[in-house]
Amino acid sequence: MFKKPFLASCSDRAKLPKENTVTGTPENWFNNNLLLEHSLFGVSFDFFINWQTGMLTPVAWVKRLLTISPDELIDNGNPKSEDIFNELIRFEGKENLVLFCKFCEHKNIQLQYILYNDSNWSSAGNKLFIVSINLKDTVLNYNIEVITLTDLQNKIREYSGGPVTIGRKGLMYGTSLLECLLSKTDSLYPGDVDIVIFNTESLAVENVIEFKKHNLSTPIENQKLSNYYPSPDGRKYNRLAILNNFIGPAKKFICLYYPTGEREHGKLESIETTSAGLVTGKSLVIRLPELDNVDTYKEFIRNVINF
């Protein structure tokens, strides 16, 4: 009933971005089954900055795409809440959902799943579900509401402190048609944090990591924060810094540069916050894992932990 969103061209969803055919992607490497061997767990979510105050809006959104019509999950105008939540638990895994919710509650963040069918956004009345999840002891409690696209846009503007845009052209690539559509409006869908890694016992944040794909043929060693900050990606990195400060700060705020094609090395770079803005700390060129080779995934995780 659910599938995860995926990055693809906004004009042609069959057109996927370039990937490294030898190493795969960071989503492969940071496997939670392997992180749990170190009492660590990784989560990714969309988050809001209220640009009027410069502060984090304490809400975490997680997108999941419905493979059926939303109308099949609504009865007399009300969501079939138990059916929806049971399917969500099956898809996410109960233990994973409990850990995610426990982390959010520890950081005073409301965890919400945004569920929608992404096949057609021709009507502003198209329906979505917002699933708000809380944890009491080890029991997951939830509330599900049905909203329209217009309602969603109003929430985005509210959580962002007003209208938020990126220009008339919008995104070239997005994780869903909805994200692509909203990129041309004043209710830009919020960006995400690629991964937050936290300790499953203390819930302390170990790492906030930004994945930066390197499509060019230039050496990976040349990749560095100053290539992108404060221009052209200042808002993205400032958002991450605000999130990092709210939930941690993490022991290490890291940018992971990784190449497409068949190159085998990436680069870890620590990011530090100063009164003048963000600056580069230490860096390390690192051999990346081999695709589907679990032993190299484990070695890579150890190297990131020890960085």
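Structure: above.
The present account deals with the structure reproduced in this document.

What counts, and at which threshold
- Residues numbered from 1 in each chain as written.
- Predicted model: local features only at pLDDT ≥ 70, side-chain atom pairs only at ≥ 80, totals over all residues.
- Heavy atoms only, no water.
- Phe/Tyr/Trp six-rings, centres within 6.5 Å; stacked < 30°, edge-to-face > 60°.
- Helix = DSSP H or I, 4+ residues; strand = E, 2+ residues; numbered from the N terminus.
- Buried < 20%, exposed > 50% of the residue type's maximum accessible area, 1.4 Å probe, protein only.
- Lys NZ or Arg CZ within 6 Å of the ring centre and 35° of its normal.
- Disulfide = S-S within 2.5 Å.

### Looking at the packing of aromatic side chains
Line of reasoning, step 1. Applying the stated criterion across every chain, the model contains 15 aromatic pairs.
Line of reasoning, step 2. Each ring, one from Trp29 and one from Tyr258, has its centre 6.1 Å from the other, and the planes form 85°; the classification is edge-to-face. Taken as a pair, Trp29 in helix α1 (residues 26–29) and Tyr258 in strand β13 (residues 252–259) lie far apart in primary sequence, 229 residues in all. Just as Trp29 is buried, Tyr258 falls in that class too.
Line of reasoning, step 3. With 6.2 Å between their ring centres and 40° between their planes, Phe45 and Phe100 make a pair best called tilted. Residue Phe45 is found in strand β3 (residues 40–50), and its partner Phe100 is found in helix α4 (residues 94–106); the two are separated by 55 residues along the sequence. Across the pair, exposure class does not vary: Phe45 and Phe100 are buried alike.
Line of reasoning, step 4. Here a set of aromatic residues connected by ring pairs shows up, and it is made of Trp29, Phe30, Phe211, Tyr258 and Phe300.
Line of reasoning, step 5. The ring of Phe47 is capped by Arg239, whose NZ or CZ atom sits 4.0 Å from the centre of that ring.

### Some words on the state of the cysteines
Line of reasoning, step 1. A complete count under the given rule lists one disulfide for this structure.
Line of reasoning, step 2. Disulfide partner of Cys10: Cys180, at an S-S distance of 2.0 Å. Given an S-S torsion of about -80°, the disulfide between Cys10 and Cys180 has left-handed geometry. Highlighted residues: Cys10 in the loop between β2 (8–9) and α1 and Cys180 in helix α6 (residues 177–182), separated in sequence by 170 residues. The burial state of Cys10 is the same as that of Cys180; both residues are buried.
Line of reasoning, step 3. The thiol of Cys101 is not disulfide-bonded; the next cysteine sulfur, from Cys104, is found 6.6 Å away.

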